[in-house]
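# Summary of the model geometry
The primary structure of each chain is shown beneath.
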Amino acid sequence: MESYMVKNNIDFKTNPTGIEIETRLKNRTNKQQLDLLRQGVKAWNEERQQNPQIRPDLKMANLKRVNLSTANLSGADLSLVNFSGANLTSANLSGANLSRANLSGADLRWADLSGALLDGTDLNGALLSAANLSKAKFNKTNLKGAVLSGSNLSNSEISEANFSGADLRWANLRRAVVSVADFRKTDLRWANLSEAQVVRTNLEGANLEECSIYGISTLGLKLKGAKQLSLVITTFGEPAIAVDNLEVAEFLSRLLNTQKIPDFNNTISSKVILVLGRCTQERKPILDALRKYNYLPVVIDCETSTSKDLTETISTLAQISRFIIADLTDPRSIPQELHAIIPNLQSVPVQPLLHTSAQKEYAMFEDFQRYPWVLETYWYNAFEEAIASFKNKVIVPAEAKARALLGG
């Protein structure tokens, strides 16, 4: 620091304390640092080595097309800097603040951007091959058409970022958290997505061939036109198992890597209870009663759901249920759901419930009562009464019917 103060005519006498010296340096060095940087990378790196405690402040600087290869810009404030077309190959940008910086067309191959803040950064068409972007934060970042082949994005946070048309072949996205991102027509061949979380992301037209997806967690993806061939669901060092569908692959990956597979299969075949009807707060004791007897209730409120795929979803859940409890009190959409389940699913008992205030089942329900797997309706006056006799009036007959239907 002393050499820097002498060079820049900073008076020791008027700045007797280290804190005051550092404050004055920060206030004075924006332009001086920029001038130093323009002198060349060698002079810049030497100064940084001599004064590692100074955090470079170059915000809003114009460094368009400059050669900053191997420059040490770690921890620097580079927000709103114009780096378009700049040469930043092998530069150290770890922990740098690049918020809203312009890096379009910049060459960042082999650069270290680990832990960098890339909030609103423009990296359109940038070259980032083999760059280190681990733990970087991509929030509304523009990486459209960027080349990230072989780059390391492990443990990164990607939110509302645009990777459309980007090249991510062989990229490492292990344990990355991706949400509401645009990966349309992105090339992800041979990328590592192991243990990544990918939510509400658009992958339409993307190429996912031979991706490693061991332990991946996904939700709400758009996959129209995506190539999903040979997705590897096993971890490194294990015999490779590949599947041609991301959703199926995710399920099989979880199944194969569950340490308690027998318990998992037992849960699916004998523990899940599908509960249909209007799920009011007063009905919570019924769910608690199921849990008390070691069941896993799956609740769908047919009265309030507006999902167009509700019937299909319910049919799928019904197929893995031990039995179904259908509360017919004040029915609205439940007749439609039962119409899709009862005639087509002969191995799962249906136990109807009805409050005495309803006086009788809805008109069309009598057509279902001819099916042997539909039990007699259990009438109740109050939830307290229903819970008191729940085991004998609901669980026991439903279990007996389930065993009979399965030949047990």
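Computed from a predicted model, the values in this text were never measured in an experiment.

Analysis parameters
- For every chain, the first residue of its written sequence is number 1, and the numbers climb from 1 along that sequence.
- Reporting of local features is limited, given that this is a predicted model, to residues whose pLDDT is at least 70; pairs of side-chain atoms are given and counted only at 80 or more, and all residues count toward the totals for whole chains, interfaces and linings.
- By convention in this description, side-chain values take in all heavy atoms of the structure and omit both hydrogens and water.
- Lines fitted to the C-alpha atoms define the axes, with helices restricted to the stretch that makes contact. Angles between their N-to-C directions range from 0 to 180 degrees.
- We count a stretch as a helix when DSSP gives it H or I for four or more residues in a row; a strand needs E for two or more, and each element gets its number in order from the N terminus.
- Orientation is classified from the angle alone, with under 35 degrees giving roughly parallel, over 145 giving roughly antiparallel, 65 to 115 giving roughly perpendicular, and any other angle giving oblique.
- Crossings are sorted by hand: turned counterclockwise from the far helix by less than a right angle, the near helix makes the crossing left-handed, and turned clockwise it makes it right-handed.
- Contacts: residue pairs with any heavy atoms within 4.5 Å of one another.
- Three classes are used: nonpolar for Ala, Val, Leu, Ile, Met, Phe, Trp, Tyr, Cys and Pro, charged for Asp, Glu, Lys and Arg, and polar for all others, with Gly counted as polar.
- Basic side-chain nitrogens of Lys or Arg form a salt bridge, by our definition, when they fall within 4 Å of a carboxyl oxygen of Asp or Glu.
- Type-normalised accessible area, obtained with a 1.4 Å probe on protein chains alone, sets the label of each residue: buried when under 20%, exposed when over 50%, and partly exposed for intermediate values.
- A 1.4 Å probe that fits but cannot get out identifies a cavity on a 1 Å grid over protein atoms alone, an open set with protein on both sides within 12 Å along at least five of seven lines counts as a pocket, and a residue lines either if it has an atom within 4 Å of a point.
- Grid points are joined across faces, edges and corners, and a volume is the space filled by probe spheres set on the points.

## Looking at the packing of helix α7 (residues 310-319) against helix α8 (residues 334-341)
- As a packed pair, α7 and α8 sit with axes 9 Å apart at the nearest point and diverge in direction by 50 degrees. Viewed along their axes, α7 and α8 adopt a mutual orientation that is oblique. Relative to α8, α7 is oriented so that their crossing is right-handed. Here L310, T311, I314, S315 and A318 of α7 lie close against α8, whose contacting residues are Q336, E337, A340 and I341.
- Class assignment for the residues of the contact of α7 with α8 results in five nonpolar, three polar and one charged.

## Regarding the pattern of salt bridges
- Within the structure shown, the criterion is met by 11 salt bridges.
- Here D182 makes a salt bridge to R184, at a shortest N to O gap of 2.7 Å.
- The exposure class assigned to D182 is buried, which follows from its relative accessible area of 14%.
- For R184, a relative accessible area of 39% corresponds to the partly exposed category.
- Via salt bridges that share partners, D167, R169, D187 and R189 belong to a single interconnected network.

## Looking at empty space enclosed by the protein
- One pass over the full model with this rule turns up two cavities of 30 Å³ or more.
- If you go around the largest cavity, you meet 15 residues; those closest to its centre are L188, L193, V198, L203 and L208.
- Broken down by class, the residue content of the lining of the largest cavity amounts to 14 nonpolar, one polar and no charged.

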